[in-house]
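Structural characterization, general
Now for the letters of each chain:
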Amino acid sequence: MLGQRLKELRGSRTQDEIAEKLEIPRARYSHYENERNKPEPEMLIKMALLFDTSIDYLLGLTEERFPTYRTAAHDDRAREDREFVQIFMNLSPEKKQALVHLVKTFAC
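Residues numbered from 1 in each chain as written. Predicted model: local features only at pLDDT ≥ 70, side-chain atom pairs only at ≥ 80, totals over all residues. Heavy atoms only, no water.

1. A short note on the overall build of the chain
We apply this condition: Note on conventions: DSSP H or I runs of at least 4 residues are helices, E runs of at least 2 residues are strands, and numbering of each starts at the N terminus. For every residue, the accessible area (1.4 Å probe, protein chains only) is compared with the maximum for its type, and the residue is labelled buried under 20%, exposed over 50%, or partly exposed between those bounds. We call two residues contacting when some pair of their heavy atoms lies within 4.5 Å. Here, Shrake-Rupley sampling with a 1.4 Å probe gives the accessible areas, and only protein chains in the shown set may cover a residue. Asp and Glu are treated as the negative residues and Lys and Arg as the positive ones, with His and the ends of the chain left uncounted. Each charge is placed at NZ for Lys, CZ for Arg, CG for Asp and CD for Glu.
A tally of helices and strands in the chain yields seven helices and zero strands. Counting helices and strands in the order they occur from the N terminus, the chain gives α-α-α-α-α-α-α. For the chain, the proportion of its 108 residues judged to be buried stands at 29%. For the chain, the proportion of contacts with a sequence separation of at least 24, taken over those separated by at least 6, is 49%. Accessible area of the chain: about 7,500 Å², with a carbon and sulfur share of 53%. Computing the positive centroid from 18 side-chain charges and the negative centroid from 19, the chain places the two 3 Å apart.

Below is the structure:
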């Protein structure tokens, strides 16, 4: 299902264009579309952000590209969440680990 959804969401854009935005080789993206490889969780997040959809939709767990409960407040929170994820994705592995530790400390 993931491969089919990726092809659908890519639309008229090329695999090269999408791979460049995801910062991966085109061949790796092609393998995702052809379901030869499965993306890691961090890559699923990047894909969902790029295609402005949910991971559930990418994986075929829902037929709705956007949750039906979306409101203006939800859109604001989603925008903030996407911004946080983008910042997190650009951190070094050491800083990611430190941030995860910090968040876990606050969550307790």
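2. A word on the packing of helix 1 (residues 2-10) against helix 3 (residues 26-33)
The condition that has to hold: Under this scheme, a helix contributes an axis fitted over its contacting stretch, all axes are lines through C-alpha atoms, and angles between N-to-C directions fall in the 0 to 180 degree range. Geometric relationships in this document are graded by angle, where less than 35 degrees denotes roughly parallel, more than 145 denotes roughly antiparallel, 65 to 115 denotes roughly perpendicular, and other angles denote oblique.
For the pair helix 1 and helix 3, interaxial distance at closest approach is 7 Å and the crossing angle is 120 degrees. The pairing of helix 1 with helix 3 is recorded here as oblique in orientation. On the side of helix 1, the interface is formed by Gly-3, Leu-6, Lys-7 and Arg-10, while helix 3 contributes Tyr-29, Tyr-32 and Glu-33.

3. A short note on the nonpolar core
A general feature of soluble globular proteins is that nonpolar side chains tend to end up buried together. Rules: Each nonpolar core is a collection of buried residues, namely Ala, Val, Leu, Ile, Met, Phe, Trp, Tyr and Cys, held together in the definition by side-chain atoms within 4.5 Å.
Counting residues in each nonpolar core, the largest one holds 16 residues, and the members touching the most others are Leu-6, Tyr-29 and Met-47. Counting only elements with at least two residues in this core, the list comes to helix 1, helix 2 (15-22), helix 3, helix 4 (41-51) and helix 5 (55-58). Residues within four places of Met-47 in sequence aside, it is in contact with Leu-6, Leu-22, Tyr-32, Pro-39 and Leu-58.

4. Let's talk about helix 2
The following threshold applies: It is the directions from the helix axis to the C-beta atoms whose arc is reported.
Within helix 2 the residues assigned to the buried category are Gln-15, Ile-18, Ala-19 and Leu-22. Along the axis of helix 2, the buried positions cluster into a sector of 100 degrees, meaning they face one direction only. The outward face of helix 2, more than 90 degrees from its buried face, is lined by the exposed residues Glu-20 and Lys-21. For helix 2, the secondary structure elements touched by its buried residues are helix 1, helix 3 and helix 4.

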